[in-house]
Every structure is written in C-alpha cells, then in structure tokens.
Amino acid sequence: MPLDKPYKDVPGTTIFDADMSRQGYHLNQFCMSLMKAENRSRFKADERAYLDEWPMTEDQKQAVLARDLNRCISLGGNIYFLAKIGATDGKSFQQMAGSMTGMTEEEYRNMMINGGRSAEGNRYIGEKK
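For every chain, the first residue of the written sequence is number 1, and numbering continues from 1 onward in sequence order. At least 70 in pLDDT is required for a residue's local features to be given in this predicted model, at least 80 for side-chain atom pairs to be given and counted, and no such filter applies to totals for whole chains, interfaces and linings, which use all residues. The basis for the side-chain values is all heavy atoms of the structure; hydrogens and waters are excluded.

Going by the annotation in an unreviewed UniProt entry, the name recorded for the protein chain is Protocatechuate 4,5-dioxygenase subunit alpha, with Rhodopseudomonas telluris given as the source organism.

Structure below.
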C-alpha cells in the first residue's frame with residue numbers, strides 16, 4: 001500500500017523520496033561513475049555504448065543522451081548526481097539550472113540573486129493563500 005504523499009500536490013515539483021531513489025538508482029550510479037576521469041573519457045568517446053553498460057531504462061538513457069535533465073529527474077535522477085553530467089560537459093550548475101528552467105545562465109543567476117522564484121503557483125494545489 002503506497003504511503004500518503006501530500007507533497008505530490010506541489011505543481012511542477014518532483015520530490016526525491018525513497019521511491020524515486022529506487023527508480024533512479026542505476027541512473028544515479030552512472031552519474032557518480034563520471035567522477036573518475038577514465039569513465040568521463042569513455043562516456044564522451046561513445047556515450048551510448050557507455051550507457052548500455054548500465055541497467056538503466058531506455059527512457060533514462062534517452063534522457064541522458066538528450067541532456068534533458070528535467071526528464072532525468074522525473075525518471076528518478078537526483079540533481080546532485082545529475083550535476084556530474086553537466087560537469088562532464090563543461091557546464092556550470094547555473095548553466096544546467098538555467099537550461100532546466102528555460103532561462104539563460106545570466107537570467108537564472110539574476111533571478112536567484114533577486115530572491116528566486118515567486119511562491120505564486122508553487123504552493124500545494126489545495127493550499128489557501
């Protein structure tokens with residue numbers, strides 16, 4: 001019987017809980033493998049072949065190949081592990097986060113410096129203002 005998860009009611013938010021951890025285990029382990037220079041080199045030389053060494057789902061592999069980090073998160077990826085893909089590609093965390101929000105790195109940085117996103121539209125759907 002699934003646990004009650006009231007946080008599932010937050011628009012546009014994927015919470016990394018135990019279920020997501022299990023779903024993304026191999027995806028996240030792949031990301032952690034990129035901490036070693038030899039693995040980064042192997043991945044960059046033939047991304048698909050390296051991904052095929054991991055028992056990830058095809059959806060997870062396609063999301064990595066497309067660098068669709070939002071999709072990776074929806075498939076169990078944890079942003080702190082996924083950051084290893086960005087680092088392998090020579091991207092900063094700000095560049096990655098900007099791409100996930102449809103912003104440039106500068107737009108994302110400025111938004112965060114100015115206090116982040118508005119809470120409007122980011123509360124529980126059932127929550128009163």
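That covers the picture; the talk isn't over yet.
Asks: So, the pattern of salt bridges: which residues are in play, and what are the values?
Replies: Between Lys or Arg on one side and Asp or Glu on the other, a salt bridge is scored when a side-chain nitrogen of the former is within 4 Å of a carboxyl oxygen of the latter. This model, assessed by the stated rule, comprises 10 salt bridges. A salt bridge links aspartate 19 to arginine 22; the shortest N-O distance between them is 2.4 Å. Of this pair, aspartate 19 and arginine 22 both sit in helix H1 (residues 18–23), separated by three residues, roughly a single helical turn. Think of it in three bands: with a 1.4 Å probe and only protein chains considered, a residue is buried below 20% of the maximum accessible area for its type, exposed above 50%, and partly exposed in between. Given the relative accessible area of 38%, aspartate 19 is considered partly exposed. Residue arginine 22 is classed as exposed on the basis of its relative accessible area, which comes to 57%. Residue arginine 42 is joined to glutamate 53 by a salt bridge in which the shortest nitrogen-to-oxygen separation is 2.3 Å. Of this pair, arginine 42 sits in helix H3 (residues 37–45) while glutamate 53 sits in the loop between helix H4 (47–51) and helix H5 (58–66), placing them 11 residues apart in sequence. Using a relative accessible area of 37% as the deciding quantity, one classes arginine 42 as partly exposed. Numbered from the N terminus, helices here are DSSP runs of H or I no shorter than four residues, and strands are runs of E no shorter than two.

Asks: Please give an account of the packing of aromatic side chains that cites residues and values.
Replies: Aromatic rings from Phe, Tyr and Trp, taking only the six-membered ring of Trp, are treated as a pair when their centres fall within 6.5 Å; an angle between ring planes under 30 degrees marks them as stacked, one over 60 as edge-to-face, and anything in between as tilted. The tally for this structure, following the rule as stated, stands at five aromatic pairs. Their ring planes at 70 degrees and their centres at 6.4 Å tell us that phenylalanine 30 and tryptophan 54 sit as a pair that is edge-to-face. Of this pair, phenylalanine 30 sits in helix H2 (residues 25–33) while tryptophan 54 is found in the loop between H4 and H5, placing the two residues 24 residues apart along the sequence. This pair shows no difference in class: phenylalanine 30 is buried, exactly as tryptophan 54 is. Through a chain of ring-to-ring contacts, the aromatic side chains of Phe30, Phe43, Tyr50 and Trp54 assemble into a single cluster.

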